[in-house]
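# Residue-level structure breakdown
Given next are the chains, with one letter for each unit.
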Amino acid sequence: MLRTVCRTGGALLKHSRRTIPPLWTAPAQQRWASTLPMNTVVLFVPQQEAWVVERMGKFHRILEPGLNFLIPLLDRIRYVQSLKEIVIDVPEQSAVSLDNVTLQIDGVLYLRILDPFKASYGVEDPEYAVTQLAQTTMRSELGKLTLDKVFRERESLNSNIVHSINQASDDWGIRCLRYEIKDIHVPPRVKESMQMQVEAERRKRATVLESEGKRESDINVAEGRKQAQILASEGQRAEQINKAAGEANAVLAKADAKAQAIKVLSEALAEQNGNASASLIVAEQYVAAFSALAKESNTILLPSNTGDISSMVTQAMSIYGSLAKQSRTPVESAPAGETELEDKASPEADPQQPTSTQ
């Protein structure tokens, strides 16, 4: 008997499929109508599906997945809703941006039925309604953006479209999960201008980078010259300091050596026969000096007693003697030494008026 009832239900289902006007129903409705099961008293509902049952034309209940029982002739399965995530391809459409550029945009819509009752009785065709809502929302959102922002803010554009769809689809029991823009087609002339703009921007970046590199190079060269001048001045200053210190040390060394030589000379003059040795040295220097006079200049000044070597030696020895006595006496006795030196310098030892010899 159950087999007979199933066959009868199948025949009635085929007859109902033939009587549905093809032009009156949308493609989604035809798909749903073709999958409507027949009331066979015992029904097995698949997982992730919701079967909406009407009893005598009025909503009765929603069958859960698994085993279910219905009353024949009274209960009828009116809608079958899939609770899986549904992917809808939004057809390509034209939209005008804020800067009056016509764009051709298509996308993909991902949604899910949360309430089978609202999806069945809240709207005639849920998929068609959501698709049209997505298209109108996308056109309105694109009208708020310029062409450049459309490419840069695709994520924000997608989120705005999803938010707008969810506000309107709450009454339909449908939740829009996400919306993705697949392709954005711009007019050929706009595309050419965009390419020219990109090339100009790249040339601008190259020029800026080149100028920045040149500036950095000039700065580095200037810094190098500055450091070189600073180092050179520091080196010159150190050289001058070292040179001055060396000259000062040399002067001190010469003064010490001269003082030591005078001390040694005074001690030598104080010894026996020191005057005779000094006379000999002075005489030799006197003769050597006069031998070199005529080599440097043709005009020289000579004392009148040039040939009297003994008087010259005597005068030099008297000077050496006074210097030796000053080195042996205290500083306070210096004027007396000078007086003694003047006493020893007799009129005979004083040089006479010099004569000019050509």
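You'll find the structure just up there.
Residues numbered from 1 in each chain as written. Predicted model: local features only at pLDDT ≥ 70, side-chain atom pairs only at ≥ 80, totals over all residues. Heavy atoms only, no water.

Here we come to the nonpolar core. Judged by nonpolar contacts, the single largest core of 32 residues is most densely connected at L103, L109, I165 and Y179. Secondary structure elements with two or more residues in this core: β6 (85-96), β7 (102-113), α4 (126-142), α5 (147-152), α6 (154-169) and β8 (174-185). The greatest single-element share of this core, amounting to six residues, is contributed by α4. Beyond its immediate sequence surroundings of up to four residues, L103 is in contact with Q93, S94, A95, L147, V150, I184, H185 and V186. Ranked by size, the runner-up nonpolar core spans nine residues in total, among them L36, L63, L70 and V80. (Core = buried A, V, L, I, M, F, W, Y, C linked by side-chain atoms within 4.5 Å. Buried < 20%, exposed > 50% of the residue type's maximum accessible area, 1.4 Å probe, protein only. Helix = DSSP H or I, 4+ residues; strand = E, 2+ residues; numbered from the N terminus. Contact = heavy atoms within 4.5 Å.)

So, about the pattern of salt bridges. One side chain can pair with another of opposite charge once the charged atoms of both are near each other. Within this structure, the stated rule accounts for seven salt bridges. Residue D89 pairs with K182 through a salt bridge whose shortest N-O separation is 3.3 Å. In this pair, D89 is assigned in strand β6 and K182 in strand β8, connecting sequence segments 93 residues apart. Across the pair R205 and E201 runs a salt bridge whose closest N-O atoms are separated by 3.8 Å. With R205 and E201 both in helix α7 (residues 188-270), this residue pair falls four residues apart, about one helical turn. (Salt bridge = Lys/Arg side-chain N within 4 Å of Asp/Glu carboxyl O.)

Once that is clear, we can look at the sheet that holds β6. Reading across the sheet, the three strands line up as β6-β7-β8 and stay open at both edges, with antiparallel pairing between neighbours. On the outer flanks of this sheet lie β6 and β8, each paired with one strand and no other. Neighbour-to-neighbour, the strand axes of this sheet turn through a mean angle of 20°, independent of strand direction. Here β6 runs beside β7; their pairing, made up of ten bridges, is antiparallel. When the bridges of β7 are listed, E85 appears paired with R112. Of the strands in this sheet, β6, β7 and β8 touch α4, which is tilted by about 40° from β6. (Pairing = 2+ DSSP bridges. Axes fitted to C-alpha atoms, helices over the stretch in contact; angles between N-to-C directions.)

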